[in-house]
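# Notes for the structure review
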Amino acid sequence: MIELRNLSKSFTTAGGPVDALKHVSLTIRDGDIYGIIGMSGAGKSTLVRCINMLERPTEGSVIWDGKDLGALSKKEIQQVRHQITMIFQSFNLLMQRTCLENIMLPLKLIHMPRAQAKARALELLETVGLPDKANAYPAQLSGGQQQRVAIARALATDPKVLLCDEATSALDPKTTHAILELIREINRKLGITVIVITHQMSVVQEICNRVAILENGSVVEEGEVSQVFSYPKAAATKALVYPDVAKGMEPDDGENDQTLRVVFQGNDASKKPMIASMAIDCHIAATILSATTRTLNGKAYGNMLLRIPGGPDELARAIKYLSAEPNVVVQVDAEYSPESGRMEAQHE
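Everything numeric here is computed off the predicted structure, so don't read it as measured data.

## Quick word on the overall build of the protein chain
Within the protein chain, the secondary structure is distributed over 11 helices and 16 strands. Taking all 348 residues of the protein chain together, 48% fall into the buried category. Intrachain contacts of the protein chain at a sequence separation of at least 6 include 67% that bridge at least 24 residues. Per element, the accessible surface of the protein chain, about 17,300 Å² overall, is 50% carbon and sulfur.

## Considering the environment of Pro-17
With respect to the helices and strands, Pro-17 occurs in strand β2 (residues 16-28). Among all residues touching Pro-17, those that are not within four sequence positions of it are Phe-11 and Thr-12.

## Here's the deal with the side chain of Thr-237
If you trace the backbone, Thr-237 turns up in helix α9 (residues 235-241). Given a relative accessible area of 0%, Thr-237 falls into the buried group. A distance of 2.7 Å separates the side chain of Thr-237 from the side chain of Glu-221, its partner in a polar contact. If we ignore the near neighbours within four places in the chain, the residues touching Thr-237 are Ile-213, Val-220, Glu-221, Val-228 and Pro-232.

## Concerning the packing of helix α3 (residues 99-109) against helix α5 (residues 143-155)
At a closest axis distance of 7 Å, the pairing of α3 and α5 adopts a crossing angle of 30°. Here α5 runs roughly parallel to α3, going by the angle between their axes. In this structure, the crossing between α3 and α5 has a hand that is right-handed. Contacts from Cys-99, Asn-102, Ile-103 and Pro-106 of α3 reach α5 at Val-149, Ala-152 and Arg-153. For the contact of α3 with α5, the residue count by class is 5 nonpolar, 1 polar and 1 charged.

## Some thoughts on unusual backbone geometry
A positive phi angle is found at Asp-65, which is not glycine, with a value near 55°. Mapped onto the secondary structure, Asp-65 falls in the loop between β4 (59-64) and β5 (67-68). Given a relative accessible area of 53%, Asp-65 falls into the exposed group. Of note in the backbone geometry, Glu-166 takes a positive phi value of approximately 50° without being a glycine. Its place among the elements puts Glu-166 in the loop between β7 (161-165) and α6 (173-190).

## Considerations on the sheet that holds β2
The strand order β2-β1-β4-β5 describes an open sheet built from 4 strands, whose pairing is antiparallel. Looking at strand neighbours, the two that pair on one side only are β2 and β5, the edges of this open sheet. Note that strand β1 (residues 2-13) and β4 share 5 bridges and pair antiparallel. Among the inter-strand pairings, Ile-2 is bridged to a residue of β4, identified as Trp-64. Across the sheet, helix α1 (residues 44-51) lies against β1, β2 and β4, angled at about 120° from β1, the strand it touches most.

## Side note on the pairing of strand β3 (residues 33-37)
Moving residue by residue along a regular strand, the side chains alternate between the two faces of the sheet. Counting buried positions along β3 gives 5 out of 5 residues, so the element sits mostly inside the fold. The pairing of β3 with strand β8 (residues 193-198) spans 5 bridges and is parallel. Counterpart to Tyr-34 in the pairing with β8 is Ile-195. The pairing of β3 with strand β9 (residues 210-215) spans 4 bridges and is classified as parallel. Residue pairing in the sheet places Ile-37 in a bridge with Ile-213 of β9.

Parameters at a glance
Residues numbered from 1 in each chain as written. Predicted model: local features only at pLDDT ≥ 70, side-chain atom pairs only at ≥ 80, totals over all residues. Heavy atoms only, no water. Helix = DSSP H or I, 4+ residues; strand = E, 2+ residues; numbered from the N terminus. Buried < 20%, exposed > 50% of the residue type's maximum accessible area, 1.4 Å probe, protein only. Contact = heavy atoms within 4.5 Å. Areas by Shrake-Rupley, 256 points an atom, 1.4 Å probe, with all protein chains shown as cover. Polar contact = N/O pair within 3.5 Å; in protein donor to acceptor, adjacent residues only side chain to side chain. Axes fitted to C-alpha atoms, helices over the stretch in contact; angles between N-to-C directions. Parallel < 35°, antiparallel > 145°, perpendicular 65-115°, else oblique. Left-handed = near helix turned anticlockwise from the far one by under 90°. Nonpolar A, V, L, I, M, F, W, Y, C, P; charged D, E, K, R; others polar. Pairing = 2+ DSSP bridges.

Take a look at the structure:
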């Protein structure tokens, strides 16, 4: 388990002090795939560099395996980094060395015998799906293949924690999905705790079980991914979950029209269109104001903003119909009370 306790980090710049992190407290359980997400400048990369002490926190503690990492000597920190390894957006492979040699490098640093290190590196190339690339150089590989080699190198010392700092940001969507699947499989098979730093909500949705949202160096929301993204509370979370929706969007076709949001959490994408079905079955002709959805393995994920014509009765019927679909969450600007049959104001 990793505990971040009241973690702060400040930098001195020409323009004055900058508080990159402000009193961050998080608990990352063993075996988690934990997402840390935020917009550019939120403090994500600084946070991940504090976890393995590449940056020393100005205040607070990083506790791992019962140890306060900030209290360890330089030599002890180097040993910890064999157990808390890292992959990056830019891969950071040595271009003049083969894939095999890149993977063997951390093993050389811990003085593993060459024959043993070579056997371990070949095993890891098999693990990441590149058994035929041992003698290839990074320049001969695609971006996704280079990241696979970087993952193999990070696994060489049999770590307990893998830090992923924007590890898929330089990759196309198909390759990103393949790399995330590999990371998920490594987490499942090896039990490695994974911390994913990203600005892409889709990455967190696909792979993480818990998430923290950073804004201006502070955690503004944290919890299970399904809960945080289904019921976002902080403005920063809503901006990430609903990036396509303009602020202040209001219905304009009628004074009684109301809006609701439908969040898809893996419902069957092969079914007949839900909104069209509602129009046929309930005679409610909803207007789609915006939609951000995608399909993964036949399942739909994302959200859709709808305008519902009419008044409270029509809205209540729409909520009841849409909520009956499995793996669908309906959010509205007010909370429907089935007992009373009317819409009641929602309180924050």
